[in-house]
Amino acid sequence: MTLILASQSASRTAMLSAAGVPFTAEPAHADEAALKAAMAGAPPRDIADALAELKALKVSARHPGRLVLGSDSLAVLDDGTILDKPRDRDDARDHLLRMSGKRHDLVSAAVIAENGRPVWRHVEAARMFVRPLSYSFVDAYLDAEWPAIAGCVGCYRIEGPGAQLFSRIEGSQFTVLGMPLLPVLGYLRDRGVLPA
Ligand SMILES: Nc1nc2c(ncn2[C@H]2C[C@H](O)[C@@H](COP(=O)(O)OP(=O)(O)OP(=O)(O)O)O2)c(=O)[nH]1
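Small disclaimer: the values here were computed from a predicted structure and weren't measured.

A.B. asks: What's the story with the site of the ligand in this structure? I'm lost.
C.D. replies: Neighbouring the ligand are 20 residues, the closest being Ser7, Ser9, Arg12, Lys55 and Lys85. The contact in question runs from an oxygen atom of the ligand to an N or O atom on the backbone of Ser73, over 2.9 Å. At 2.7 Å from an oxygen atom of the ligand is found a main-chain nitrogen or oxygen belonging to Ile158. Out of a free accessible area of 620 Å², the ligand has 92% covered by protein chains. Those elements that place two or more of their residues in the shell around the ligand are helix H1 (10–18), strand E3 (67–77) and helix H6 (173–177). Of the residues in the shell around the ligand, the class split is 6 nonpolar, 7 polar and 7 charged.

A.B. asks: What exactly am I supposed to notice about the packing of helix H4 (residues 89–99) against helix H5 (residues 135–145) here?
C.D. replies: Geometry of a packed helix pair, given as the angle between the helix axes and the separation of the axes. At a closest axis distance of 11 Å, the pairing of H4 and H5 adopts a crossing angle of 135°. Put simply, H4 runs oblique to H5. The handedness of the crossing between H4 and H5 comes out as right-handed. Of the residues in H5, those touching H4 at Arg89, Ala92, Arg93, Leu96 and Leu97 are Tyr135, Val138, Asp139, Tyr141, Leu142 and Asp143. Here the contact of H4 with H5 is built from residues that sort into 7 nonpolar, no polar and 4 charged.

A.B. asks: In this structure, what is going on with the UniProt feature "active site" (unreviewed entry) in the protein? I would like to understand it.
C.D. replies: With numbering matched to this structure, UniProt assigns "active site" (unreviewed entry) to Asp72. Inspection of the secondary structure assignment puts Asp72 in strand E3. With a relative accessible area of 4%, Asp72 lands in the buried category. Within polar-contact distance, the side chain of Asp72 engages the side chain of Lys55 at 2.8 Å.

A.B. asks: What's the story with the environment of Met39 in this structure? I'm lost.
C.D. replies: Examined against the element boundaries, Met39 turns out to sit in the loop between helix H2 (32–38) and helix H3 (44–60). The contact partners of Met39, leaving out residues within four places of it in the chain, are Asp46, Ile47 and Ala50.

A.B. asks: Explain unusual backbone geometry here, please?
C.D. replies: For residues besides glycine, phi is generally negative; the peptide bonds are generally trans as well. Cis peptide bonds are those with omega within 30 degrees of zero, and the linkage from Trp146 to Pro147 qualifies with 10°. Within the element layout of this structure, Pro147 appears in the loop between H5 and strand E7 (166–170). For His29, which is not a glycine, the phi torsion comes out positive at approximately 50°. Within the chain, Cys155 stands out as a residue other than glycine whose phi angle is a positive 65°.

A.B. asks: Help me understand the side chain of His95, please; the structure alone is not making it clear to me.
C.D. replies: Of note, His95 is situated in helix H4. Among residues more than four places away in sequence, those in contact with His95 are Leu83, Asp84, Lys85, Pro86 and Cys155.

A.B. asks: Looking at this structure, how should I read the pattern of salt bridges?
C.D. replies: Where charged atoms of side chains with opposite charge meet at close range, the side chains can pair. Tallying each qualifying case throughout the model produces 15 salt bridges. For Arg62, the salt bridge is made with Glu26, and the minimal N-O distance between the two is 2.7 Å. Of this pair, Arg62 sits in the loop between H3 and E3 while Glu26 is found in the loop between strand E2 (23–25) and H2, placing the two residues 36 residues apart along the sequence. The exposure class of Arg62 is partly exposed, given its relative accessible area of 41%. Via salt bridges that share partners, Glu32, Lys55 and Asp72 belong to a single interconnected network.

How each quantity is defined
- Every residue gets a number counted from 1 within its own chain, in the order that chain's sequence is written.
- Side-chain atom pairs in this predicted model are given and counted only at pLDDT of 80 or more, local residue features only at pLDDT of at least 70, and totals for whole chains, interfaces and linings cover all residues.
- Note that the side-chain values use all heavy atoms of the structure and ignore hydrogens as well as water.
- What makes a residue near a molecule or strand is one non-hydrogen atom of that residue sitting within 4 Å of it.
- In the analysis that follows, any N or O atom pair within 3.5 Å is treated as a polar contact, provided that within protein one partner can donate a hydrogen and the other can accept it, and provided that, for residues neighboring in sequence, both atoms belong to side chains.
- Shrake-Rupley sampling with a 1.4 Å probe provides the accessible areas, and residues are treated as covered by the protein chains on show and by no other component.
- Under the scheme used here, helices are H or I runs from DSSP no shorter than 4 residues and strands are E runs no shorter than 2 residues, and both carry numbers assigned from the N terminus.
- Under the scheme applied here, ten amino acids are nonpolar (Ala, Val, Leu, Ile, Met, Phe, Trp, Tyr, Cys and Pro), four are charged (Asp, Glu, Lys and Arg), and all others, including Gly, are polar.
- Simply put, an axis is a line fit to the C-alpha atoms, just over the touching stretch for a helix, and the angle between two N-to-C directions goes from 0 to 180 degrees.
- Our angle categories are set so that under 35 degrees counts as roughly parallel, over 145 as roughly antiparallel, 65 to 115 as roughly perpendicular, and the remainder as oblique.
- The hand of a helix crossing depends on one turn: near helix anticlockwise from the far one by less than a right angle means left-handed, and clockwise means right-handed.
- Residue contacts are defined here by distance: any two heavy atoms, one from each residue, within 4.5 Å place the two residues in contact.
- UniProt positions are given in the numbering used here, feature names are shortened, and annotations may be inferred rather than shown by experiment.
- Remark: exposure states derive from per-residue accessible area (1.4 Å probe, protein chains only) relative to the maximum for the residue type, with buried under 20%, exposed over 50%, and partly exposed in between.
- Throughout this description, the term salt bridge denotes a Lys or Arg side-chain nitrogen within 4 Å of a carboxyl oxygen of Asp or Glu.

Set out below in structure tokens:
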């Protein structure tokens, strides 16, 4: 049985395709803003988990008997500030300068739902150590990467020139790309979607 990915994220669909997972993608069109507002002040991992669950449950309700995977990512600064995707190029510049020379966490959550109920969940964080960034570097980076990074929390494509932003990363690159892929693959093996 093929998995349904409740997402319109190019990065998430690319990850599952590259990993050889049989799936179809269907956007959830969930009201993420309302949930984020309702959970203001909650731990970022709980927010990412709840958003992933919201997407998975919404699509699962439309597909009885199918496994549905929802995912969400947040960038969390060391003072607890949560950064979403940049509104525009100036917002991306602001995000990058706020992250310059500091560590932030890229938190990615995944929830799998079946028959409208969550049956599996996992949250992971990658620790991202941004090197000190000059204004000229940031402006040249945005000249090259805007608007390609418009859909990316953290304002980088780690698989692309975004790698130049970091002195070190701790954790899985998959988590940065948009989901804790290896635990997801483990559950899919448990459920017979992938070969053991
Ligand atoms: N290709 C790439 N994408 C990244 C990177 N870092 C973050 N992203 C993307 C993955 C997700 O599409 C996006 C996180 O935003 P969300 O979790 O709200 O998902 P999005 O709205 O894109 O799609 P979805 O809610 O799943 O339909 O940021 C990266 O380094 N490379």
